[in-house]
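Here is what each chain is made of, one letter per residue.
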Number of protein chains: 2
Amino acid sequence: MRNAEPPVERLIAEKAVSLRFEDLPENVVRLAKVAVTDTIGVGLAGTREPVARAAADLVTSTTEAPGSATVWATGSGSAPQGAAYANGVACHALDWDDYMHPMHGHCSAVLLPVCWALAESGDADGRRFLEAFVAGYEVNGMLGRVLATPHYEKGWHSTSTIGVIGAAAAAARMLGLTVDQTAHALGIAASHASGIRVNFGSMTKALHAGHAARQGVTAALLARRGVTASAEWLLGPNGYLATYGGQMTPAEAAESIRAHTFDTFVIEGPVGLVQKPYACCGSSHAAVEATIALVEEHDLTPERIDAIEVHVDPLLNKTLIHHDAANALEGRYCLEYTIAVAAVDRAGGAAQFSDESVGRPEVRALMPKVRRIADRRNGPEARFAAEVVIRSGGREYRRFQEHQPGHPSHPLTEAQRAAKFAAAVRPVLGDRADELRLRTADLEHVTAWRELADLILLPTAVPA
Amino acid sequence: MRNAEPPVERLIAEKAVSLRFEDLPENVVRLAKVAVTDTIGVGLAGTREPVARAAADLVTSTTEAPGSATVWATGSGSAPQGAAYANGVACHALDWDDYMHPMHGHCSAVLLPVCWALAESGDADGRRFLEAFVAGYEVNGMLGRVLATPHYEKGWHSTSTIGVIGAAAAAARMLGLTVDQTAHALGIAASHASGIRVNFGSMTKALHAGHAARQGVTAALLARRGVTASAEWLLGPNGYLATYGGQMTPAEAAESIRAHTFDTFVIEGPVGLVQKPYACCGSSHAAVEATIALVEEHDLTPERIDAIEVHVDPLLNKTLIHHDAANALEGRYCLEYTIAVAAVDRAGGAAQFSDESVGRPEVRALMPKVRRIADRRNGPEARFAAEVVIRSGGREYRRFQEHQPGHPSHPLTEAQRAAKFAAAVRPVLGDRADELRLRTADLEHVTAWRELADLILLPTAVPA
């Protein structure tokens, strides 16, 4: 059977190589630009996080390749794989970046740094960038369907384990590799897929995105130099599917991949692009939304709140591993903190997830009043739903939030996106934030990447 | 239970940090030096392989950090993680490097480049180097027992998946990290463990060793910069054991690690250090030995050989994935080629595993006469055994080889080690090979690593 038509591993490479900007539907281009802009925003904000500073310092203190890709946090030039690494860590450091359900992970935080570093190194244009970004996105979607929930539940952080394959596809596309070279790049990437969920709530989670970005770039650069990998990396004996596990058998996987044409795109599917308004784990988003709505509607100031009860799906409850946050890192995975700070500030942005904020007495006073209840009633279709009940002076205020905000059925408005970008980027770039957002809105007309890249050089890093 | 004494994850870090040269038994120091010398030898020979050149080119064309670690293949200075990568690929490129059974993998090809790059960057002495090397070796042994055969059979290339943890331990020891930092380094490394066996027989196999070396160094450098990881990276929910799988339950794993003291050492155990006389897969070593013995004893020239029958364990048979080798890379994993060339040349060194050699008519004429038979009769205790039967002019010559040559029960003699080193290194370094071997024999008395490092600069790379 497998000899009759190209093996599916080769099909993936062919699809990634064949994708052309001219063939992309307008809505796909629009959504890709939304994802790119949002990820640049959270990535620039993320450069100030300790883990991003450590990664940038590692790269810039040991790597110098003048004139190539920019490490955002320092403004230094680096080899593209180093910049992809450091910027990938920054994009995921605040956990404020978008994700997609089919891969159970954060796709753009891996792809954006890959495409950016190679665009900058090769001075590509906006169209090539968008082709590569979408190619990587779709490859992640293909594999996401094959691996899906059982892969994530096994303990893998799909952002990295699936992300690295999409990253290799995007890097291959940026570098203009042949189908053969791209096939080898994907096979090399399969041997570099890692990231385990035990490290959620530690700085290592953010490293996962940077690592996948780096290894995607590295795989493509090695394939271009003639390095070979197995032609059966996905379905062969001792291959990726067998070792990393998923929801499909090899035969089902082959069928699923053959069926994935580029007539329909994961990115515009019903769960293909989820944007985060709040700078915390996506599992808490519906609960945060409901909490803010309740306190605003009934003007429930902290001292008037007696108790907050939060019903979430058991899977979400398990992902939110911290119950008493000691710092911002833990705060993002601590439902008690997230809900308390949302009730106090009526917000859930970057300001709410700083170490200082986590120590605030009014928030800490409220945290013991938050009680979480794992509740399966919503079923897998509405797994991200939440119900929040606030008790105040003998009364009970209740709100059910079916979809998390930012979900395609409940997308952010343009105004919300602009506000998020400004909140993220103005503290870093000042007024240049607005110019940057205007340029990314028009990405397909950027003719030389250098023009865009110069905009993100941090003020302190701009040559005097 | 786990609160009563330090978690096992911390115990591993404590053990790695506490190991002192002064406490190492003489035999452990001797064996470590044997492993180090052998790995330097096969690594220098490996620098000429295409995959090693590609890795070195990637590192040196994009990384410059003058005055630090040397990329052997080019003589360029690099950041330690880049040199560890390129040199790790070189050490595994010929598949001629040693391995240990508890981890089912090649330990030294990962550890040597880690220790070398950090020794050179920090100008350490020979004692620190040996401490770090042994610490990494023992950590790999600890984890090897926990994961063992089921991990390897699942499809993982333990050289990299287990190797990266030992690499982090060795790097932490080289850098003098605290127990806390070392614990984080191990947890970071656990999120960077990858390498799947589907890529055996392709160039990507050699990348696995380089990748583990790089990520071990990177994990330690990040931990030194304050990056955190889960304290339960090994046994916690969604941790390393749960995702990568092994032969022990978490409770058994904890007990096994607690029992691992540094009074006994894996490296001097019955299967702790296996050296390869032949430049091909260890699975074919007993068969090669038996073949050479038979053709020598009975002076069986190729034209006199009618048939060769090779009985090997089913697991070995599966590892030798190629049946008709197109090049040296496949030749190392092709029993038919390996046996044919051994019968023709009465040898199995680097000269027998070049692309030119694979094309020789007299070898190709003999290959169809080699027949392999998967045969479980030896049982897991003697899994590496082989029986070879050669038919010639109506007569039958038969030889059973219980242990592969290089196995601790059948170790290489000092003369064989010297001959292997010379065969590997003289083509690269000329007469300096002998001086290098003399210095590594006396490694604990090297007071500044620079002295040793200068010896391995390739003649073309020495400043004019």
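Please read these numbers as outputs of a predicted model, since none were measured by experiment. (Residues numbered from 1 in each chain as written. Chains lettered and ligands numbered in written order. Predicted model: local features only at pLDDT ≥ 70, side-chain atom pairs only at ≥ 80, totals over all residues. Heavy atoms only, no water.)

Colleague: Run through the overall build of chain A, naming residues and quoting values.
Modeller: On a plain count of helices and strands, chain A comes out with 21 helices and six strands. Taking 2.2 N^0.38 as the reference for a compact globule, 464 residues should give roughly 23 Å; the C-alpha atoms of chain A span a radius of gyration of 22 Å, in line with that estimate. Per-residue burial over chain A gives 66% buried out of 464 residues. Relative to all contacts within chain A whose residues are 6 or more apart in sequence, the contacts with residues 24 or more apart total 76%. Here chain A contributes 43 positive and 53 negative side-chain charges, whose respective centroids are spaced 3 Å apart. (Helix = DSSP H or I, 4+ residues; strand = E, 2+ residues; numbered from the N terminus. Rg over C-alpha atoms; globule rule 2.2 N^0.38 Å. Buried < 20%, exposed > 50% of the residue type's maximum accessible area, 1.4 Å probe, protein only. Contact = heavy atoms within 4.5 Å. Lys, Arg positive; Asp, Glu negative; His and termini not counted. Charge placed at Lys NZ, Arg CZ, Asp CG, Glu CD.)

Colleague: Quick rundown of the environment of Ala231 of chain B? Include the residues and the values.
Modeller: Take Ala231 of chain B: it is sitting in the loop between α10 (204-224) and α11 (240-244). Residues Ala231 of chain B and His184 of chain B, spaced 47 residues apart in sequence, show a C-alpha to C-alpha distance of 7.3 Å.

Colleague: Break down unusual backbone geometry for me, citing the residues and quoting the values.
Modeller: Although it is not a glycine, Ala148 of chain A sits at a positive phi angle of roughly 55 degrees. If you trace the backbone, Ala148 of chain A turns up in helix α6 (residues 126-153). One non-glycine residue, Asp299 of chain B, adopts positive backbone phi at about 45 degrees. Locating Asp299 of chain B in the fold gives a position in the loop between α13 (285-297) and β3 (307-312).

Colleague: Give me the pairing of strand β6 (residues 395-401) of chain A: which residues, what numbers.
Modeller: A regular strand carries its side chains on alternate faces of the sheet. The sheet contact formed by strand β5 (residues 386-392) of chain A and β6 of chain A spans seven bridges and is antiparallel. The residue of β6 of chain A that forms the bridge with Ile390 of chain A is Tyr397 of chain A. (Pairing = 2+ DSSP bridges.)

Colleague: Report on the sheet that holds β6 of chain A, specifying residues and quantitative values.
Modeller: All names here are of chain A. Pairing is mixed in the open sheet, where four strands are placed in the order β4-β3-β5-β6. Where the open sheet ends on each side, the last strands, each with one partner, are β4 (370-374) and β6. Pairs of neighbouring strands in the sheet enclose a mean axial angle of 15 degrees, with direction left out of account. Helix α16 (residues 335-345) rests against β3 (307-312) and β4 of the sheet, and its axis sits at about 130 degrees to β4. (Axes fitted to C-alpha atoms, helices over the stretch in contact; angles between N-to-C directions.)

Colleague: Quick rundown of the interface of chain A and chain B? Include the residues and the values.
Modeller: On the chain B side, the residues contacting the 57 residues of chain A number 57 residues. With both sides pooled, the region where chain A packs onto chain B buries about 4,300 Å², and carbon together with sulfur makes up 57% of that total. Applying the counting rule to chain A against chain B returns two salt bridges. The partner of Asp57 of chain A in a salt bridge is Arg225 of chain B, and the shortest N-O contact between them spans 2.6 Å. Linking chain A with chain B are 28 residue pairs in polar contact (both at pLDDT 80 or more). Within the residue set of the side of chain A that touches chain B, elements represented by two or more residues are α3 (50-62), α4 (80-93), α9 (179-190), α10 (204-224) and α11 (240-244) of chain A. Considering every element that reaches the side of chain A that touches chain B, the biggest residue donor is α10 of chain A, with nine residues. Here the residues of the side of chain A that touches chain B sort into 25 nonpolar, 24 polar and eight charged. (Buried area = accessible area lost by both parts, 1.4 Å probe. Salt bridge = Lys/Arg side-chain N within 4 Å of Asp/Glu carboxyl O. Polar contact = N/O pair within 3.5 Å; in protein donor to acceptor, adjacent residues only side chain to side chain. Nonpolar A, V, L, I, M, F, W, Y, C, P; charged D, E, K, R; others polar.)

Colleague: Mind laying out the relation of the copies chain A and chain B, listing which residues take part and the relevant values?
Modeller: Least-squares fitting of chain A to chain B yields an RMSD of 0.0 Å, with the transformation described by 0.0 Å of translation along the axis and a rotation of 180 degrees. Taken together, the turn and the small shift mark the pair as related by a two-fold rotation axis. When the interface residues of chain A are mapped onto chain B, 100% of them again lie at the interface, so the same face is used by both copies. (Least-squares fit on C-alpha atoms with pLDDT ≥ 70 in both.)

Colleague: Which residues make up the pattern of salt bridges, and what are the values?
Modeller: Residues and elements named next belong to chain A. Counted by the stated rule, this structure contains 54 salt bridges over all chains. For Glu131, the salt bridge identified is with Arg128, shortest N-O distance 3.9 Å. Placement of both Glu131 and Arg128 in helix α6 is noted, with a separation of three residues, approximately one turn of the helix. Of the residues examined, Arg128 reaches a relative accessible area of 28% and is grouped as partly exposed. Look at the salt bridges and you will find they share partners, linking Glu309, Arg371, Glu387, Arg391, Glu396 and Arg398 into a network.

Colleague: Can you explain the domain arrangement of chain A? Please cite residues and give values.
Modeller: Residue and element names in this part refer to chain A. What the domain assignment lists for chain A is domain 1 (8-268) and domain 2 (282-401). On a C-alpha basis, the centres of domain 1 and domain 2 stand 32 Å from each other. Opposite the 16 residues of domain 1 that make contact, domain 2 presents 13 residues. Of the roughly 1,200 Å² buried between domain 1 and domain 2, counting both surfaces, carbon and sulfur atoms make up 59%. (Domains from an automatic or database assignment.)

Colleague: Residue-level account of the side chain of His92 of chain B, with values.
Modeller: All names here are of chain B. Position of His92 among the secondary structure elements: in helix α4 (residues 80-93). On the basis of relative accessible area, His92 is assigned to the buried category, the value being 1%. Here Asp97 takes part through its side chain, which lies 3.1 Å from a polar atom of the side chain of His92. Those residues in contact with His92 that sit more than four places away from it in its chain are Asp97, His106, Ala109, His157, Lys205, Ala206 and Ala209.

Colleague: A description of the nonpolar core should follow, citing residues and the corresponding values.
Modeller: Counting residues in hydrophobic clusters, the biggest one holds 340 residues, and the most contacted among them are Ile165, Trp233 and Tyr240 of chain A together with Ile165, Trp233 and Tyr240 of chain B. Residues in contact with Trp233 of chain A, not counting those within four places in the same chain, are Glu9, Ile12, Leu143, Ile165, Ala183, Leu186, Gly187, Ala190, Gly239 and Tyr240 of chain A together with Ile196 and Val198 of chain B. (Core = buried A, V, L, I, M, F, W, Y, C linked by side-chain atoms within 4.5 Å.)

Colleague: Residue-level account of the packing of aromatic side chains, with values.
Modeller: This model, assessed by the stated rule, comprises 25 aromatic pairs over all chains. The interplanar angle of 50 degrees and the centroid separation of 5.8 Å between the aromatic rings of Phe200 of chain B and Tyr333 of chain B together place this pair among those described as tilted. Of the two residues, Phe200 of chain B sits in the loop between α9 (179-190) and α10 while Tyr333 of chain B sits in the loop between α15 (328-331) and α16 (335-345), which places them 133 residues apart along the sequence. The exposure class of Phe200 of chain B is buried, given its relative accessible area of 5%. Relative accessible area serves as the criterion here: at 3%, Tyr333 of chain B is assigned to the buried category. An aromatic cluster of at least three residues, connected via ring pairs, comprises Trp156, Trp233, Tyr240 and Tyr244 of chain A together with Trp156, Trp233, Tyr240 and Tyr244 of chain B. Seen from the ring of Tyr85 of chain B, Arg214 of chain B lies directly overhead, with NZ or CZ sitting 5.6 Å from the centre. (Phe/Tyr/Trp six-rings, centres within 6.5 Å; stacked < 30°, edge-to-face > 60°. Lys NZ or Arg CZ within 6 Å of the ring centre and 35° of its normal.)

Colleague: Can you tell me about the environment of Val110 of chain A, naming the residues and giving the values?
Modeller: Residue and element names in this part refer to chain A. As for its placement among the helices and strands, Val110 is situated in helix α5 (residues 108-122). Measuring from C-alpha to C-alpha, the distance between Val110 and Asn327 comes to 25 Å, with 217 residues separating the pair along the chain. When residues no more than four places from it in sequence are discounted, the contact partners of Val110 are Thr159, Gly163, Ala167, Ala209, Ala212 and Ala213.

Colleague: Tell me what's going on with the sheet that holds β3 of chain B, and back it up with residues and numbers.
Modeller: Residues and elements named next belong to chain B. The four strands are arranged β4-β3-β5-β6 in an open sheet whose pairing can be described as mixed. Sheet topology places β4 (370-374) and β6 (395-401) at the edges, where each strand pairs with a single neighbour. Averaged over all pairs of adjacent strands, the angle between their axes in this sheet comes to 15 degrees, without regard to strand direction. Helix-sheet contacts for α16 involve β3 and β4, and the interaxial angle to β4 is about 130 degrees.

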